[in-house]
Amino acid sequence: MAQAQREGLTSGQPKILEYLAENEGVDQRSIALHCEIEAATVGSILMRMETAGLIERRRVGGNRRSLYVYLTEKGKSAAARTQEIFDSAEAAALLGCTEEEKRQLKELLIRVYRNLTRMEEQE
């Protein structure tokens, strides 16, 4: 996050940039669901991103109720830098790990995530 902040990004923005780089033209609700951020919070993050020139919101196909979010050229550049930051952090975190250890770690983290998600659903 410190590296992302040096790029001028605030909390939540890197995750949204990463999602939009793969899924342009989505609505705010889809972003909130995928990024696991409250819809109202996504709205305020998107407003700051729009002000910074990273995204633009458009109506599509005459649908006046929903706005769809697209990366601008500046946003695409920021998303690419964000991916470089994520890749660098992952490489540093996994330095010295074998491919088998990386595979095992990934499986364990997925299991932990699923367990915690189930726990939240039961509350």
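Residues numbered from 1 in each chain as written. Predicted model: local features only at pLDDT ≥ 70, side-chain atom pairs only at ≥ 80, totals over all residues. Heavy atoms only, no water.

### Concerning the overall build of the protein chain
Phase 1 of the analysis: Helix and strand counts for the protein chain stand at six helices and three strands.
Phase 2 of the analysis: Taken from the N to the C terminus, the helices and strands of the protein chain come in the order α-α-β-α-α-β-β-α-α.
Phase 3 of the analysis: The principal-axis extent of the C-alpha atoms belonging to the protein chain is close to 50 × 40 × 25 Å.
Phase 4 of the analysis: Among the 123 residues that make up the protein chain, the fraction classed as buried is 25%.
Phase 5 of the analysis: Considering only contacts in the protein chain between residues 6 or more positions apart, those separated by 24 or more positions represent 44%. (Helix = DSSP H or I, 4+ residues; strand = E, 2+ residues; numbered from the N terminus. Buried < 20%, exposed > 50% of the residue type's maximum accessible area, 1.4 Å probe, protein only. Contact = heavy atoms within 4.5 Å.)

### Brief notes about a nonpolar patch on the surface
Phase 1 of the analysis: Together, V112, L116 and M119 make up an exposed nonpolar region whose accessible area comes to about 270 Å².
Phase 2 of the analysis: One can find M119 in helix α6 (residues 99-122). (Patch = residues over 30% accessible without salt bridge, like charges linked within 9 Å, V, L, I, M, F, W, Y side chains within 5 Å. Areas by Shrake-Rupley, 256 points an atom, 1.4 Å probe, with all protein chains shown as cover. Salt bridge = Lys/Arg side-chain N within 4 Å of Asp/Glu carboxyl O.)

### Thoughts on the sheet that holds strand β3 (residues 68-71)
Phase 1 of the analysis: Spatial ordering of the open sheet is given by β1-β3-β2, a layout of three strands whose pairing is antiparallel. One side of each edge strand has no neighbouring strand; the edge strands of this open sheet are β1 (26-27) and β2 (55-58).
Phase 2 of the analysis: Both β1 and β3 contribute to a ladder of two bridges, which runs antiparallel. Residue pairing in the sheet places V26 in a bridge with V69 of β3. (Pairing = 2+ DSSP bridges.)

### Description of the packing of helix α3 (residues 28-35) against helix α4 (residues 39-51)
Phase 1 of the analysis: Taken N-terminus to C-terminus, the directions of α3 and α4 make an angle of 110°; their axes are 9 Å apart at the nearest point. Regarding the angle of α3 to α4, the classification is roughly perpendicular. Of the two possible hands of crossing, α3 and α4 adopt the one that is right-handed. Residues Q28, I31 and A32 of α3 touch α4, and the partners they reach there are A39, V42, G43 and L46.
Phase 2 of the analysis: Of the residues in the contact of α3 with α4, the class split is five nonpolar, two polar and no charged. (Axes fitted to C-alpha atoms, helices over the stretch in contact; angles between N-to-C directions. Parallel < 35°, antiparallel > 145°, perpendicular 65-115°, else oblique. Left-handed = near helix turned anticlockwise from the far one by under 90°. Nonpolar A, V, L, I, M, F, W, Y, C, P; charged D, E, K, R; others polar.)

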